[in-house]
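Descriptive analysis of the structure
The chain contents come next:
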Amino acid sequence: MPRAGLTTDRVVAAAADLADRTGFENVTVSALARHFGVKDASLYTHVKNLQDLRVRVALLAGGELIEEIAAAVAGRAGREALAAFAGAYRSYALGHPGRYAATQVRVDQDLVADSPALRRTAEITYGMLRAYGLTEPDLTDAVRLLRSTFHGYCALEAAGGFGAPRDVRASWDKVVDALHTALVHWPREEPGVT
């Protein structure tokens, strides 16, 4: 019988909060059980196992991230949309480090297909890039460029990896400008060429 007051949503939200406080890698069923003052077994009514819990945190965090991005890019296009997208991404990554780490977990493609939030991520990202006139396979390549650039920058910034005296925000703005230039002048691939 489920413990009164515990729901799957509450358990997953608490796991996401724990990830932000202690790091996503430190989210365990035992740590979460201690948080709720219950035995580990009480949580297995709500999640199958640690992997299920972590995937649920990843889906929650992915949904939160895309909501922030969607609000930021609404009504914008081109450089303005890219800057808003990048800013929301960076803000979420730095403000929610554990949740953000969860978004980097590889999630089974069947779960992605069933997740409205993750489908929305693709729609918003691809929609922003279509404004640059990109089509497949260039869209996929551009998504990979943005994701790897944003993730790499945020990971380095969070770890204190930028030691030069230049303002980190000024460098971020230059990165966004460079990405905009790259997208405007994208070396388009002929359809059917892989």
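This text follows the structure it describes.
Treat the numbers as computed from the prediction; the structure is a model and nothing was measured.

A short note on the overall build of the chain
Counting secondary structure elements, the chain contains 10 helices and 0 strands. Moving toward the C terminus, one meets the helices and strands of the chain in the order α-α-α-α-α-α-α-α-α-α. In terms of overall dimensions, the chain has a C-alpha envelope of 60 × 45 × 30 Å along the principal axes. For the chain, the share of sequence-separated contacts (at least 6 apart) that also reach a separation of at least 24 residues comes to 67%. On the chain, roughly 10500 Å² of surface is accessible, and the fraction owed to carbon and sulfur atoms is 55%. In the chain, the 22 positive side-chain charges and the 23 negative ones have mean positions that sit 5 Å from each other.

A closer look at the pattern of salt bridges
Across all of its chains, the model carries 9 salt bridges by this definition. With a closest N to O distance of 3.0 Å, Asp52 and Arg56 form a salt bridge. Of this pair, Asp52 and Arg56 are both found in helix 4 (residues 50-73), 4 residues apart, which corresponds to roughly one turn of the helix. For Asp52, a relative accessible area of 14% gives the class buried. With its nearest N and O atoms 2.5 Å apart, the salt bridge here joins Glu67 to Arg120. Note that Glu67 is positioned in helix 4 and Arg120 in helix 8 (residues 116-130), a separation of 53 residues in sequence. You can call Glu67 partly exposed: its relative accessible area is 44%. Look at the salt bridges and you will find they share partners, linking Asp17, Asp20, Glu64 and Arg99 into a network.

Structural notes on helix 5 (residues 78-95)
With 18 residues, helix 5 should cover 26 Å at 1.5 Å per step; its first-to-last C-alpha distance of 26 Å lies within 8% of that length. Within the span of helix 5, buried status applies to Gly78, Ala81, Leu82, Ala84, Phe85, Ala86, Ala88, Tyr89, Arg90, Tyr92 and Ala93. For helix 5, the elements touching its buried residues are helix 4, helix 6 (97-102), helix 8, helix 9 (138-158) and helix 10 (168-184).

Describing the environment of Arg79
In this structure, Arg79 sits in helix 5. Assessed through its relative accessible area of 28%, Arg79 is described here as partly exposed. In sequence terms Arg79 and Cys154 are 75 residues apart; their C-alpha atoms lie 20 Å from each other. Discounting chain neighbours no more than four positions away, the residues touching Arg79 are Tyr132, Asp173, Val176, Asp177 and His180.

Some words on the layout of surface pockets
Of the pockets and cavities examined, the largest pocket occupies roughly 890 Å³. Along the walls of the largest pocket sit 26 residues, with Thr103, Leu118, Thr121, Val143 and Arg147 positioned nearest its centre. Of all the secondary-structure elements, those providing two or more residues to the lining of the largest pocket are helix 4, helix 5, helix 7 (109-114), helix 8 and helix 9. Top element by residues in the lining of the largest pocket is helix 4. It accounts for 6 residues.

Section: the packing of aromatic side chains
Applying the stated rule across the entire model yields 6 aromatic pairs. Centre to centre, the rings of Phe85 and Phe150 are 6.1 Å apart; their planes meet at 35°, and the pair counts as tilted. One end of the pair, Phe85, is in helix 5; the other, Phe150, is in helix 9, and 65 residues separate them in sequence. The class for Phe85 is buried, based on a relative accessible area of 5%. Residue classification places Phe150 among the buried residues on the basis of a relative accessible area of 1%. Geometrically, the ring pair formed by Tyr153 and Trp172 is edge-to-face, given 5.0 Å between the ring centres and 65° between the ring planes. Pair noted here: Tyr153 is in helix 9 and Trp172 is in helix 10, with a separation of 19 residues, a long-range link. With respect to burial, Tyr153 and Trp172 carry one shared label: buried.

Describing unusual backbone geometry
With an omega dihedral of 5°, the bond running from Glu136 to Pro137 counts as a cis peptide bond. Within the element layout of this structure, Pro137 appears in the loop between helix 8 and helix 9.

Parameters at a glance
Residues numbered from 1 in each chain as written. Predicted model: local features only at pLDDT ≥ 70, side-chain atom pairs only at ≥ 80, totals over all residues. Heavy atoms only, no water. Helix = DSSP H or I, 4+ residues; strand = E, 2+ residues; numbered from the N terminus. Contact = heavy atoms within 4.5 Å. Areas by Shrake-Rupley, 256 points an atom, 1.4 Å probe, with all protein chains shown as cover. Lys, Arg positive; Asp, Glu negative; His and termini not counted. Charge placed at Lys NZ, Arg CZ, Asp CG, Glu CD. Salt bridge = Lys/Arg side-chain N within 4 Å of Asp/Glu carboxyl O. Buried < 20%, exposed > 50% of the residue type's maximum accessible area, 1.4 Å probe, protein only. Expected span 1.5 Å × (residues − 1). 1 Å grid on protein atoms, 1.4 Å probe; cavity = no way out; pocket = protein on both sides within 12 Å on 5 of 7 lines; lining within 4 Å. Points joined across faces, edges and corners; volume = space filled by probe spheres on them. Phe/Tyr/Trp six-rings, centres within 6.5 Å; stacked < 30°, edge-to-face > 60°.

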